[in-house]
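Here are the chains, one letter per residue:
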Amino acid sequence: VLCVCQCQELDFPPGFQFGVGSSSYQVEGGWNVSDKAESIWDRYILENPDGIRNRSTGKMACNSYRLWQRDIDMVAEMGLDFYRFSISWPRILPTGFSNRISEDGKNYYNNLINGLLEKGIQPVVTIYHWDLPQRLQNLGGWTNPLIADWFVDYARVLFTLYGDRVKTWHTINEPWIICDFGYVFLPPAISDYAVGRLLCNKHVLLAHAKAWRLYDTEFRPKYNGQIAIVNQLTWIEPAGQGDEDIAELAFQDTIGRYTYPIFSKEGGWPQRIQKIIAKKSKEEGYDFSRLPDFTQEEVELIRGTYDFFGMNHYTSRIVRKRRNDETIHTYILQGSRELEIVFETRPEWKNTSSVWFKEFPQGFRRILQWVKRSFGDIKIYVTENGYASDSSSLEDYNRISYLRSYLEQMLLAIKEDGINVLGYTVWTLMDNFEWIDGYHSKFGLYYVNFECPNRTRTPRLSAKYYASVAKSHSLNIPDQDKYIVDKSC
Ligand code: GBH
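What counts and how
Residues numbered from 1 in each chain as written. Predicted model: local features only at pLDDT ≥ 70, side-chain atom pairs only at ≥ 80, totals over all residues. Heavy atoms only, no water. Helix = DSSP H or I, 4+ residues; strand = E, 2+ residues; numbered from the N terminus. Rg over C-alpha atoms; globule rule 2.2 N^0.38 Å. Buried < 20%, exposed > 50% of the residue type's maximum accessible area, 1.4 Å probe, protein only. Contact = heavy atoms within 4.5 Å. Areas by Shrake-Rupley, 256 points an atom, 1.4 Å probe, with all protein chains shown as cover. Lys, Arg positive; Asp, Glu negative; His and termini not counted. Charge placed at Lys NZ, Arg CZ, Asp CG, Glu CD. Salt bridge = Lys/Arg side-chain N within 4 Å of Asp/Glu carboxyl O. Pairing = 2+ DSSP bridges. Axes fitted to C-alpha atoms, helices over the stretch in contact; angles between N-to-C directions. Core = buried A, V, L, I, M, F, W, Y, C linked by side-chain atoms within 4.5 Å. Near = heavy atom within 4 Å. Polar contact = N/O pair within 3.5 Å; in protein donor to acceptor, adjacent residues only side chain to side chain. Nonpolar A, V, L, I, M, F, W, Y, C, P; charged D, E, K, R; others polar. Phe/Tyr/Trp six-rings, centres within 6.5 Å; stacked < 30°, edge-to-face > 60°. Parallel < 35°, antiparallel > 145°, perpendicular 65-115°, else oblique. Left-handed = near helix turned anticlockwise from the far one by under 90°.

All right, on to the overall build of the protein chain then. Summing up its helical and strand segments, the protein chain has 15 helices and 16 strands in all. Taking 2.2 N^0.38 as the reference for a compact globule, 489 residues should give roughly 23 Å; the C-alpha atoms of the protein chain span a radius of gyration of 21 Å, in line with that estimate. Overall, the C-alpha framework of the protein chain stretches about 65 × 60 × 50 Å when taken along its three principal axes. Across the 489 residues of the protein chain, 62% fall into the buried class. A fraction of 75% describes how many contacts in the protein chain between residues 6 or more apart in sequence connect residues 24 or more apart. Accessible area for the protein chain stands at about 18,600 Å²; split by element, carbon and sulfur atoms hold 48% of it. If you average the places of the 56 positive and of the 61 negative side-chain charges in the protein chain, the two averages end up 1 Å apart.

One pass over the structure, following the stated rule, counts 39 salt bridges. Of the charged contacts in the structure, one is a salt bridge between Asp-245 and Arg-272, with a shortest N-O distance of 2.8 Å. Here Asp-245, found in helix α10 (residues 244-263), pairs with Arg-272, found in helix α11 (residues 271-283); they are 27 residues apart in sequence, far enough to count as distant. Between Lys-279 and Glu-283 there is a salt bridge, with its nearest N and O atoms 3.4 Å apart. Of this pair, Lys-279 and Glu-283 both sit in helix α11, four residues apart, which is roughly one turn of the helix. For the pair Lys-279 and Glu-283, one class covers both residues: exposed.

As a further point, take the sheet that holds strand β6 (residues 235-238). Here four strands make up an open sheet; going across it, the order is β6-β8-β10-β9 and the pairing mixed. The open sheet has two free edges, formed respectively by β6 and β9 (335-336), since each of these has just one partner strand. Both strand β8 (residues 316-321) and strand β10 (residues 341-344) contribute to a ladder of four bridges, which runs antiparallel. Looking at β10, one finds that Val-319 is bridged to Phe-343. Contacts from α10 reach β6, β8, β9 and β10 within the one sheet, and its direction differs from that of β6 by about 160°. Of the strands in this sheet, β6 and β8 are in contact with helix α13 (residues 362-375), which crosses β6 at around 95°.

Judged by nonpolar contacts, the single largest core of 154 residues is most densely connected at Trp-142, Met-410 and Tyr-424. With 13 residues, helix α9 (residues 196-223) is the largest single contributor of residues to this core. Excluding residues that lie within four positions of it along the chain, Tyr-424 makes contacts with Phe-16, Gln-17, Phe-18, Gly-19, Phe-82, Phe-364, Val-382, Asn-385, Leu-403, Leu-407, Met-410 and Tyr-466.

Before going further, it helps to examine the site of the ligand. In the vicinity of the ligand lie 20 residues, with Gln-26, His-129, Glu-384, Glu-434 and Trp-435 positioned nearest. With respect to the ligand, the side chain of Glu-434 contributes an N or O atom lying 2.5 Å from an oxygen atom. At 2.9 Å, a side-chain N or O of Trp-435 approaches an oxygen atom of the ligand. For the ligand, whose free accessible area comes to 560 Å², the fraction covered by protein is 97%. In terms of residue class, the shell around the ligand is built from twelve nonpolar, five polar and three charged.

Summed over the entire model, instances satisfying the criterion amount to 54 aromatic pairs. For the ring pair Tyr-65 and Tyr-108, a centre distance of 4.9 Å and an interplane angle of 40° mean the geometry is tilted. With Tyr-65 in helix α3 (residues 64-77) and Tyr-108 in helix α5 (residues 103-118), this residue pair connects regions lying 43 residues apart in the sequence. In this pair, the class of Tyr-65 matches that of Tyr-108, namely buried. Between Phe-433 and Tyr-439, the aromatic rings sit 5.6 Å apart at their centres with planes inclined by 65°, giving edge-to-face as the arrangement. Of the two residues examined, Phe-433 and Tyr-439, each falls in the buried class.

Take the pairing of strand β1 (residues 17-21) next. The element β1 is extensively covered by neighbouring structure, given that four of its five residues are classed as buried. For β1 and strand β14 (residues 421-427), the ladder comprises five bridges, and the chain directions are parallel. Residue pairing in the sheet places Gln-17 in a bridge with Gly-423 of β14.

This part covers the side chain of Glu-384. Examined against the element boundaries, Glu-384 turns out to sit in strand β13 (residues 380-385). Polar contacts involving the side chain of Glu-384 include one to the side chain of Arg-84, which spans 2.8 Å. With near-sequence residues (within four places) excluded, Glu-384 lies in contact with Arg-84, His-129, Asn-173, Glu-174, Met-311, Asn-312, His-313, Tyr-314, Thr-425 and Trp-427.

Moving on, we get to the packing of helix α7 (residues 147-162) against α9. Two elements in contact, α7 and α9, have axes whose closest approach is 8 Å; the angle formed by their N-to-C orientations is 30°. In terms of orientation, α7 lies roughly parallel with respect to α9. In this structure, α7 crosses over α9, and the sense of that crossing is right-handed. Side by side, α7 and α9 meet where Ile-147, Ala-148, Asp-149, Phe-151, Val-152, Ala-155, Arg-156, Phe-159 and Thr-160 of the first sit next to His-203, Leu-206, Ala-207, His-208, Lys-210, Ala-211, Leu-214, Tyr-215, Glu-218, Phe-219 and Tyr-223 of the second. For the contact of α7 with α9, the class distribution of residues is 13 nonpolar, three polar and four charged.

Structure below.
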C-alpha cells in the first residue's frame, strides 16, 4: 500500500496532464439570452419543478455565460493543463439544425477558447453533455435514427468553428445515463425502459461514430486533434461467492452496451446481452429484439471509432441476483431490471452527500484493470472524478482525502499494472447545478455563493491541494501537512 507521507514512488509519468471539468447546463445559466433555444433540461425544470431537489433550476446556475473570464482565471490559478467544458447545442444552433448559427453562441465559446489558450490552458470540449434542443426531442430525440445525422451536422459546425484551436474533443458524455436513465426518470424523462432506452442506445453509438469518422476524414488531416466518447464506469464486484458471472454480465449490460461496439475487436453488441434481450423479447411477444440489431455496415461504422478511452469514475457497487420479492429501480444505480440483478454497496464504504455515491478508492484501480482486460492496452483519459459534499466549507478535508486516495489508486494502476492513463480530470471546477440533486451536492474545488447575484467563487483547500499535486507532478507534495487532518501515516 502506498503511503503518501513516506514513499518516493509517487510521481506521475512525464507528460501526464491534469485538468478540471464542467458542463454547459450545469454552469452557464443564460438559459434564454439572445437567440438561445430551449433544451430538454430547460423544459423539464419548467414542467416538473418538483423533480429537482429544492425546486432549484439551472436558469442562472454559476452564470458562467457572463463570468467565463473568472472561470479561466480559476483554472489558471490552479496551474492546470486543460479545462474540460461542454457546448450547449441549443445555444449554438437555435433551430437544433445547422441551418442557422447563433452569433452570440459562437462568440461565447470563441471567447472562452481564446481566453484559455492565452493562459496556456488547453480547451477540451464535450460536444454533448445532456442539453438536447427541445425541438429535436419533439421529433423523437435519441430514439429517432435521424439524430445521428443531426448530431453530425452539429459536430461539423463545431469542428469548423473551433477545430483550429480545440485539439481534444469528447463526442458524447455518458451515453449510459442519457439512455438508461433518460428513458426512465432523467430528462427527457420518457418512461420507456423496454424499447426507447435501447433505441437510444443504438443511436448514440451511431451519432458518436459518424462524428468521429467526420473528424477523422475531414478535420484530422488539417488539425491533427484527438476525439473519443466518454463513458461512466462504475466498478461492480461480486457480492459473494458464486456471483462472479453476474458481475461480468453486469459490466456487459451497463458499460458493455456503450463500449463493446466501439472498443472490442469484433464490434457489435456484447453477445451474451444480445442473446438475453432477444430471448426475453420473444417471450414477451415482440416480433423483434428490443435491443435493435446492427447491420454489418453499422458494426463496421462504429467499430474502432476512438483515439482514446474516456472514462468518468466515481463509485462502486457489489452485485447479486434479485430476490423474488424485490423490485429494481434504475434510480441511484440500484441494478439492472433487464438482468434481474441488484446493486448494493458495502457498509464500510464511506457515504458522500449523493445517495448514489459511496467512496471505495480500490474500485478505481480495479475498473482501470477491467478496461485493459476488456479492450487491451489503450490510451485512457480519466475525464471525471470527484467528491460530493453537502457542506459549503472551504476546509474540505473529506474532498482532499477522496482525491488523494483515488489518485493513489490510479497511480498504482499506472505503475504496477502498466495501464496507460495519460490524464486526469477533477469534477468539478466549482459548485454547480448537480442535475436533479439541484445545488444540494457540491462537487466544486471552488465554492460558489449562490445567494450572491454575482455568484462569487472562492477556492477551497482542495483547489490548493490539487494545484500542488499538478505543480509537483506527484502525490508527494512539499506542503502536504496543510491538507492532511490525520497525520499518523
Ligand atoms: C457525472 O455523472 C456527470 O457527467 C456530471 O455531469 C455530474 O455532475 C457528475 O457526474 C456528478 O454526478 O438517480 O440518484 O443516480 C455521474 C453519474 C448519473 C450520477 C445520474 C447522478 C442521477 C441521479 N450520475 N445520477 S441518481
